[in-house]
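# Structural description and commentary
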Amino acid sequence: MRILVIEDEPDLLGSLAKALREENYAVDTARDGEDGLFKAQSYDYDVIVLDVMLPHLDGWEVLHRLRETKKTPVLMLTARDAVRDRVRGLDTGADDYLTKPFDLDELLARIRVLIRRRADKAAPAIKIADVHIDTAARKVLLKREEVPLTAREYSLVEYLALHRGRVVSRTELYEHLFDEDDDTFSNLLDVHVSNVRKKLGQDFIATRRGHGYCIE
Amino acid sequence: MTPLFKSIRWRLQAWHGLMLLVVLMAFGVTAYYLVFDNRMRRVDQELQKRTFPIVGRLSGPQPGDRGRFRMGPPPDESRPPGERRDERPPPPPDGKADESPRSEGPRNDGPDFTRRADEPRPDGARVEVRRFEGFRPPFFENFPLSPDSPRMFEEAGYYVVVWTPEKAEMRRSTNAPAIVPLPPITPALTNGTAWTRQGFREYAQISRRGNVVLVGHDITPDLAELTRLAFGLTAAACGVLALGLAGGWWLSTRAIRPIEDISQTAVKIANGDLDQRINVTDADSELGQLARVLNNTFDRLKSAFARQVQFTADASHELRTPVSVILSQTQTTLKRERTPAEYQETIVSCQRAAQRMRQLVEALLILARQDSGDAAPRREPCELDRVVTDAVDLLRPLAVERNVSLQTDLKPTPFIGDAQLLGQVATNLISNAIYYNRPGGNVTVQLAPEADGAKLVVSDTGQGIAAEDLPHIFERFYRADKSRTAPDNHTGLGLAIVKGIVEAHAGKVTVTSEPGKGSVFTVILPASGVGTASSPVPDRCN
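Let us look at the structure shown here.

### Quick word on the overall build of chain A
Secondary structure summary: chain A contains 8 helices and 11 strands in total. The 216 residues of chain A split such that 52% are buried. Carbon and sulfur atoms make up 47% of the accessible area of chain A, which amounts to about 9,700 Å² in all.

### Re the overall build of chain B
Along the backbone of chain B there are 14 helices and 12 strands. Within chain B, the fraction of its 542 residues that count as buried is 42%. In chain B, the share of contacts with a sequence separation of at least 24, taken over all contacts with a separation of at least 6, comes to 66%. Entry remark: accessible area of chain B is about 28,900 Å², with carbon and sulfur atoms responsible for 59%.

### Examining the interface of chain B and chain A
Think of interface size as the accessible area that goes away when the parts come together; that is how it is often given. Contact residues are listed per partner, giving 24 residues for chain B and 27 residues for chain A. Each partner contributes to the roughly 2,300 Å² buried at the junction of chain B and chain A, and carbon and sulfur atoms together form 49% of this total. Between the two partners, chain B and chain A, sit 7 salt bridges. Close ionic contact of Arg-336 of chain B with Glu-22 of chain A constitutes a salt bridge, the shortest N to O distance being 3.7 Å. Where chain B meets chain A, there are 12 residue pairs in polar contact (both at pLDDT 80 or more).

### A closer look at the pairing of strand S3 (residues 47-51) of chain A
Residues and elements named next belong to chain A. Taking burial as the measure, the 5 residues of S3 include 5 buried ones, the bulk of the element. Burial of S3 is two-sided: the residues Val-47, Val-49 and Asp-51 facing one way and the residues Ile-48 and Leu-50 facing the other way are all buried. Relative to S3, strand S1 (residues 2-6) runs parallel, the two sharing 4 bridges. Bridge pairing in S3 places Leu-4 opposite Ile-48. Considered for its hand, the β-α-β crossover made up of S3, helix H3 (residues 59-66) and strand S4 (residues 74-78) is right-handed.

### Here's the deal with the packing of helix H8 (residues 220-270) of chain B against helix H9 (residues 286-334) of chain B
Residues and elements named next belong to chain B. It is at 11 Å that the axes of H8 and H9 come closest, and there the two elements cross at 5°. One way to sum up the angle between H8 and H9 is to call them roughly parallel. Counted together, Ala-255, Pro-258, Ile-259, Ile-262 and Ile-269 of H8 and Leu-287, Leu-290, Ala-291, Leu-294 and Phe-298 of H9 form the full contact between these two elements. Split into classes, the residues belonging to the contact of H8 with H9 amount to 10 nonpolar, no polar and no charged.

### A word on the sheet that holds strand S10 (residues 453-460) of chain B
Residue and element names in this part refer to chain B. Strand order across the open sheet formed by 5 strands is S7-S9-S10-S12-S11, with mixed pairing between neighbours. Because the sheet does not close on itself, it has two edges, and the strands there are strand S7 (405-410) and strand S11 (508-514). Each adjacent strand pair in this sheet contributes to an overall mean axis angle of 10°, direction not counted. Here 6 bridges tie S10 to strand S12 (residues 518-525), and the two strands are oriented antiparallel to one another. Residue pairing for S12: Val-458 is matched across the bridge by Phe-521. Against the sheet, helix H11 (residues 384-401) contacts S7, strand S9 (442-450), S10 and S12, and its axis sits at roughly 175° relative to S7.

### Describing a nonpolar patch on the surface
Nonpolar side chains collect at one region of the surface, where Trp-15, Leu-18 and Val-22 of chain B lie side by side and expose about 340 Å² of accessible area between them. Here Trp-15 of chain B is to be found in helix H1 (residues 3-59).

### Things to note about H11 of chain B
For an α-helix, 3.6 residues make a turn, and residues three or four places apart therefore share a direction. Taking 1.5 Å as the rise per residue, H11 of chain B with 18 residues should run 26 Å; its terminal C-alpha atoms sit 26 Å apart, in good agreement. The axis of H11 of chain B is deflected most strongly, by about 40°, at Leu-395 of chain B, and proline Pro-397 of chain B appears within four residues downstream.

### Thoughts on the sheet that holds strand S7 (residues 131-134) of chain A
Residues and elements named next belong to chain A. Taken in spatial order, the 4 strands make up an open sheet running S6-S7-S8-S9, and their pairing is antiparallel. Strand pairing shows two members of the sheet lacking a second neighbour, strand S6 (125-128) and strand S9 (145-146), which therefore form its edges. As defined by bridge partners, S7 adjoins strand S8 (residues 139-142) across 4 bridges and the pair is classed as antiparallel. Within S8, the position partnered with His-132 by the bridge is Leu-141.

### With respect to the pattern of salt bridges
Pairing is possible between side chains that carry opposite charge, provided their charged atoms lie close to one another. On inspection of all chains with the given rule, the structure shows 35 salt bridges over all chains. Here Lys-18 of chain A makes a salt bridge to Glu-342 of chain B, at a shortest N to O gap of 3.3 Å. One end of the pair, Lys-18 of chain A, is in helix H1 (residues 10-22); the other, Glu-342 of chain B, is in helix H10 (residues 340-372), on a second chain. Since its relative accessible area comes to 22%, Glu-342 of chain B is described here as partly exposed. In the salt-bridge network here, residues are joined through shared partners; they are Lys-18 and Glu-22 of chain A together with Arg-336, Arg-338 and Glu-342 of chain B.

### Examining the packing of aromatic side chains
The full count for this structure, using the stated rule, is 6 aromatic pairs over all chains. Plain terms: the ring middles of Trp-10 of chain B and Trp-249 of chain B are 5.1 Å apart, the flat faces sit at 55° to each other, and that makes the pair tilted. Taken together, the positions of Trp-10 of chain B in helix H1 and Trp-249 of chain B in helix H8 put the pair 239 residues apart, joining distant regions of the chain. Sitting over the face of the ring of Tyr-43 of chain A, Arg-2 of chain A holds its NZ or CZ atom 4.3 Å from the ring centroid. When the ring centre of Tyr-158 of chain B is taken as origin, the NZ or CZ atom of Arg-50 of chain B, which lies over that ring, is 3.8 Å away.

What counts as what
Residues numbered from 1 in each chain as written. Chains lettered and ligands numbered in written order. Predicted model: local features only at pLDDT ≥ 70, side-chain atom pairs only at ≥ 80, totals over all residues. Heavy atoms only, no water. Helix = DSSP H or I, 4+ residues; strand = E, 2+ residues; numbered from the N terminus. Buried < 20%, exposed > 50% of the residue type's maximum accessible area, 1.4 Å probe, protein only. Areas by Shrake-Rupley, 256 points an atom, 1.4 Å probe, with all protein chains shown as cover. Contact = heavy atoms within 4.5 Å. Buried area = accessible area lost by both parts, 1.4 Å probe. Salt bridge = Lys/Arg side-chain N within 4 Å of Asp/Glu carboxyl O. Polar contact = N/O pair within 3.5 Å; in protein donor to acceptor, adjacent residues only side chain to side chain. Pairing = 2+ DSSP bridges. Right-handed = clockwise from strand over helix to strand, strands pointing away. Axes fitted to C-alpha atoms, helices over the stretch in contact; angles between N-to-C directions. Parallel < 35°, antiparallel > 145°, perpendicular 65-115°, else oblique. Nonpolar A, V, L, I, M, F, W, Y, C, P; charged D, E, K, R; others polar. Patch = residues over 30% accessible without salt bridge, like charges linked within 9 Å, V, L, I, M, F, W, Y side chains within 5 Å. Expected span 1.5 Å × (residues − 1). Bend = angle between axes of the 7 residues up to and from the residue. Phe/Tyr/Trp six-rings, centres within 6.5 Å; stacked < 30°, edge-to-face > 60°. Lys NZ or Arg CZ within 6 Å of the ring centre and 35° of its normal.

Listed below in structure tokens is the structure:
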């Protein structure tokens, strides 16, 4: 899952990015509205965390312009908590609204909700044959036994599971599993897929040659 | 309708009713009295008309009559014989006239009212008990009156009673009531006086000789008529009162309605709907003026309220950001075991956030103190140039760090004011000039005594301020660029604080700016200012 955080307060941005990375998200950051809008329009993020008070281009404007082309889930993050502001945010096209100061756990939970909703999955748990994926705890169980997965492996499984039945291209996987700072060696993905197959079974991830990967 | 207004309405109605009642009563009583008086006057005139001749007759120099009309000595002794002959045509012979009519009895003698019924006759004969009822000797027989007297008296319903000067009843007409008390002999009686007694109007006058003549008339019908008039007046008054009350109710309803409108609007506003306004229908009336005044007040209340809300929102917004930094930093860090370097980084960023909060809280405290008016600036003699020099020295490292050259031209300026607050003014203006400058730019600080006070000028070569922002830069939390490109330690309150302090010293702060070239802030501090500054509260309606 790849998340864009647009926030001008450096300390806040740093800690948010750190926390999200530790939750195994691929995280891109932007410190002003223009940069944020450019990145938001360039990639298909799973979630955008958007501050309202931004230099150059404020959050409303970023959201407004983004909605002209993309329907990426946006979580507005702002110190303005008047009902008027919240209504305005939601009406402009925000998917969720969180006022500062917020609890990190709540922010993470809300991001998970947005990701699930985007994949049309209401329940936090996904069951595929013997494999049970708990997206809240970020754990994978095989026959009720927890399978140890690395962060990337888990993200791969979760992404494919959330888009179950659909062939996911390698590009899309790269876009959603790696952030802008990662080196995108093309064989890195193959290594992860191979590792997941070892742990959860060879048939768990099917390869569509020339198209991508898929969980049936 | 609120109970309060209801009660005003009821009180109005009560007062109105009371006044109406008093007026109607006064009118009714006056009308009744006038009619009564008029009636009585007419009756009295009639009575007087009838009393007068008798009194005149009894007062006149009529030696012949003296005895007859006097109580006391028997007529035959006191009266010379033949005295009444001149009255009686044809005159009887002297001797006969003297004796025979008396001895013959009252029939021939005419009524002799000077006698009591059981009084022995002077001639020794006892007289039968004479009741006046049915006794029909013509009262006016032998009485010194004109021939039409009966018609004037008994037939017209008037009765006469005459008393001797000794207060004994002398004569009375047949139609007189059984009891006619002798009126009290007062000086008023000399000219005649009238009164009402048990349905009779009586008029009495005392003659020169002392005879009391009382003429009375039964005024029961008049009184009955007057009573009817009184009832009529009362009924009319009740009707008028009812109409008046109804009219008053209608009037008070009309008068109260705008007040009710105002009240309802005020209630809505009190409930938080500050957009409500009183509908001014008649702007020139007293209530219309009141409504306009209230509407103006509501407008000002609303804008003051909006400013307050905005200020609170801004203040909380400014505080939220550092709080979120601290929360987010600590929560992220505490999620797992960290290296000492990571912990240190977290603590440093928390410290930054805390410093920012401290600055904000201090600025808010200054503003709150200015608002409350508690902290009137001290009035101490100080060297303003020293104060500004301290501020410049404090900020010199910052200027070096930002690569801004700081030039000063400070002339000795003694001043009476609050050195600490004025130092804050200099610090805020100079640090702004440094922060909003371009690298390699200049900041010039000039201070000089004026004819009446001091003048501080801080100019920079920075980005300048757009014309549309100029009127607002002294507002709290107003940011020219609408975003937080301002340095971390800028709260957005600095210029608002400057304005507050300068105005508390009765001074003035102005700004001129040319975008791209720089801004000039000028502070004028009048020497007489502190003494005359009545209110340290800054005007918040920038």
